[in-house]
Amino acid sequence: HDTSDTQAKRMEKSAPLSTIKMQQAVRSGHHATVYEVRRDPGLKNKDVIRDPTKKVFPFVGGSNYKGSWNMDQKEGFGVQINPNNTKYEGEWQNNRHNGRGTLWVKKGKNYHRQYVGDWKDGNMEGQGVYYYEDGAIYKGGWYRNNKSGEGRYDYKNGDHYTGEWLNDLQEGFGAMSYTNGNIFEGLWVQGKKEGPGLYYYASTKKIYQGEWYDDQPRCGEFRSPTTEEEARFVRLLPKGLFHNEFKLPGLTLADPTGIIDIAVSDVRMQSIRRSHANPEDGEDGMYATQIPALALEKARKVFHSLANEATQSISIYRLAEVLYELGLSLTANDIAEIVQQLELKDTLDVSFSEAIEIASFIHQQNLESAERDDFF
C-alpha cells in the first residue's frame, strides 16, 4: 500500500509545472519582509503631459509586511508599514487587523502611537485607547472606528467626560467634569446635554437640577446640595478660584411644582418634535404629535387632583384619566402593554413630565401605525 507521502509525490510529478510553482509560491508560516507594489495613481491623471520618448514604470512602492502567513493570507502576529506614514503592529487574520494591535503614525523621523486596542476586520472595535493629535485621549469602547459604549474622554484643556457614547458622540448617561471644578451629570443626545441633569457649581456649592435642551438649561431648580451631594464638592478649586457660598432666599412660587412640571413637559415635547422632524418640511415641519397648551393644562389639573402630595406622582395605572385629556382613550390592558413595551415596573409612580413622555410615545406609536396602514 502506498503511504500518503508516496501518493503526494506521485501527484506532484503528474501536476503541471505551473501548478507546482503556484503551490510553492503560497506563503505560510513566518516570512521576512514582503514588499508590495501598487499601480502609480498618477498615471490616471490625463492632464499630465509626459515625454513619449521616456519609458514609464507603472508601479510604485506600496506597503511592506513582516510576520506570519497562512495560505497566502496574513495571519498571526505581524508588522506592516504603509506608504501613508502609518504602521500597524499586532495580530492579523484573513489579511486584516484582527485581535490586539497598535496603530502608529510617523511624525518627522519617529513613530507615535495613535491607537492601542482591539480590532475586527480592519476596524477599531472592542476596547481601546486613542491618542489624538491635540493631546486629548479617549479610553473605552469602539465600534467600526467610532467611539461606542462606555468610555472616558480627556480633553486637552483638562476637562473629562465619562459615560456612554454612540457613533462617536456622547449619547445616554454621562458626567462631564470641568477644570473649574464644575460637574454635569445627566443625559446626552448626539453630543449635547438633553433631558434631566444636575449641574454642580463648585465655587458657590450650589446645584441646578432641571431639564436641558440643545446643550442649554431650560427649566429647573437652583438649590443647595443634600448631605449626600456635599461629597461632590470635596475637590480643590483650581488656582485663582475661591468658594463664594451664599444662602438662597426663602421666597417660593405659589405653585412651584406645577410650574416646573409644565415647563419640563414643554421642553420634552420640543425635544421629541425635533427628533422626529421631517427634514423636507424645514425646521418647523413636524410630523410628530403636538399637544395643545389647553389640553396640557387640563391634563395637569387632573394629574394633581390624583397625585400624592408628598411625592407629586401617581400610579402608572391611573394614567388613563390624565391621558384622556390629551385625546387618548386607554384601557387597563393598554397601560399594561405600554409598561411592557417601555420595560417599566408595574408598581411605578410617574411624575407629570413622565406622563407627558408616555403620551408622546403613544401618539408616535399611533402615527407610525397609521403610516404603515396608508403604505399598504
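Quick notes on the rules
Residues numbered from 1 in each chain as written. Predicted model: local features only at pLDDT ≥ 70, side-chain atom pairs only at ≥ 80, totals over all residues. Heavy atoms only, no water. Helix = DSSP H or I, 4+ residues; strand = E, 2+ residues; numbered from the N terminus. Contact = heavy atoms within 4.5 Å. Areas by Shrake-Rupley, 256 points an atom, 1.4 Å probe, with all protein chains shown as cover. Buried < 20%, exposed > 50% of the residue type's maximum accessible area, 1.4 Å probe, protein only. Arc of directions from axis to C-beta. Pairing = 2+ DSSP bridges. pLDDT = per-residue confidence, 0-100. Polar contact = N/O pair within 3.5 Å; in protein donor to acceptor, adjacent residues only side chain to side chain. Salt bridge = Lys/Arg side-chain N within 4 Å of Asp/Glu carboxyl O. Core = buried A, V, L, I, M, F, W, Y, C linked by side-chain atoms within 4.5 Å. Phe/Tyr/Trp six-rings, centres within 6.5 Å; stacked < 30°, edge-to-face > 60°. Lys NZ or Arg CZ within 6 Å of the ring centre and 35° of its normal.

Q: So what exactly am I meant to see when it comes to the overall build of the chain here?
A: Looking only at helices and strands, the chain has seven helices and 17 strands in total. For the chain, the share of sequence-separated contacts (at least 6 apart) that also reach a separation of at least 24 residues comes to 31%. Carbon together with sulfur atoms contributes 51% to the accessible area of the chain, which is approximately 24,200 Å² in total.

Q: When you look at the environment of Tyr132 in this model, what are you seeing that I'm missing?
A: As for its placement among the helices and strands, Tyr132 is situated in the loop between strand S7 (123-131) and strand S8 (137-143). Accessibility expressed as a relative area gives 24% for Tyr132, which makes it partly exposed. A sequence separation of 24 residues divides Tyr132 from Lys156, and the C-alpha atoms of the two residues are 9.3 Å apart.

Q: Explanation requested: helix H6 (residues 332-341) in the structure shown.
A: Each full turn of the α-helix corresponds to 3.6 residues, which orients residues three or four apart in the same direction. Regarding H6, the residues found buried are Ile335, Ile338 and Val339. Projected onto a plane normal to the axis of H6, the buried residues spread over an arc of 100 degrees and lie on a single side. Facing away from the buried side of H6, by more than 90 degrees, are the exposed residues Asn333 and Gln340. Immediately beyond the C-terminal end of H6, within one or two residues, lies Glu343, with a positive phi of roughly 55 degrees.

Q: Hey, could you run me through the pairing of S7 in this one?
A: Where a strand is regular, its side chains alternate between the two sheet faces. By the bridge criterion, five bridges tie strand S6 (residues 110-120) to S7 in an arrangement that is antiparallel. Paired with Val116 across the strands is Val129, a residue of S7. Count of turn residues in the S6/S7 antiparallel hairpin: two residues, of which Asp121 carries a positive phi of about 50 degrees. Across six bridges, the pairing between S7 and S8 is antiparallel.

Q: I keep staring at the confidence of the model for the chain and nothing clicks. Help me out?
A: For any part of a model where pLDDT is low, the fine detail of the predicted coordinates should not be relied upon. Overall, the prediction assigns the chain a mean pLDDT of 78, with 65% of residues at 70 or greater. Every residue in residues 281-289 scores below 50 in pLDDT, and together they form 20 contacts with partners more than four places removed in sequence or on other chains.

Q: Would you explain the environment of Ser305 in this entry?
A: In this structure, Ser305 sits in helix H4 (residues 293-306). Taking C-alpha positions, Ser305 is 9.9 Å from Val322, a pair spaced 17 residues apart along the chain. Of the polar contacts made by the side chain of Ser305, one reaches the backbone oxygen of Val302; its length is 2.6 Å.

Q: Hey, could you run me through the pattern of salt bridges in this one?
A: Pairing is possible between side chains that carry opposite charge, provided their charged atoms lie close to one another. What the rule picks out here adds up to seven salt bridges. Taking the shortest distance from any N to any O, the salt bridge between Asp214 and Lys192 comes out at 2.9 Å. You can see Asp214 sitting in the loop between strand S14 (206-213) and strand S15 (216-223) and its partner Lys192 sitting in strand S13 (residues 192-201), a full 22 residues away along the chain. Note on Lys192: relative accessible area 36%, which makes it partly exposed. In this structure, the salt-bridge partner of Glu321 is Arg318, at a minimum N-O distance of 2.8 Å.

Q: In this structure, what is going on with the nonpolar core? I would like to understand it.
A: Soluble globular proteins tend to pack their nonpolar side chains together in the buried interior. Membership of the largest hydrophobic core comes to 23 residues, with the highest contact counts inside it found for Leu319 and Leu323. Secondary structure elements with two or more residues in this core: H4, helix H5 (319-323), H6 and helix H7 (352-375). Here the element with the most residues in this core is H7; it accounts for six residues. When near neighbours in sequence (up to four residues on either side) are disregarded, Leu319 contacts Ile314, Ile335, Val350, Ala355 and Ile358.

Q: I tried to follow the packing of aromatic side chains on my own but got confused; where do I start?
A: In this description, an aromatic ring pair is defined by two values, namely the gap between the centres and the angle between the planes. As enumerated under the stated definition, the model contains 24 aromatic pairs in all. Consider the rings of Tyr161 and Trp188, whose centres lie 5.2 Å apart with planes at 80 degrees: the pair is edge-to-face. Highlighted residues: Tyr161 in strand S10 (residues 160-166) and Trp188 in strand S12 (residues 183-189), separated in sequence by 27 residues. A single burial state applies to Tyr161 and to Trp188, both of which are buried. Sitting above the plane of the Trp104 ring, Lys87 keeps its charged end 5.5 Å from the centroid. Lying across the ring of Phe184, Lys193 places its NZ or CZ 5.5 Å from the centre.

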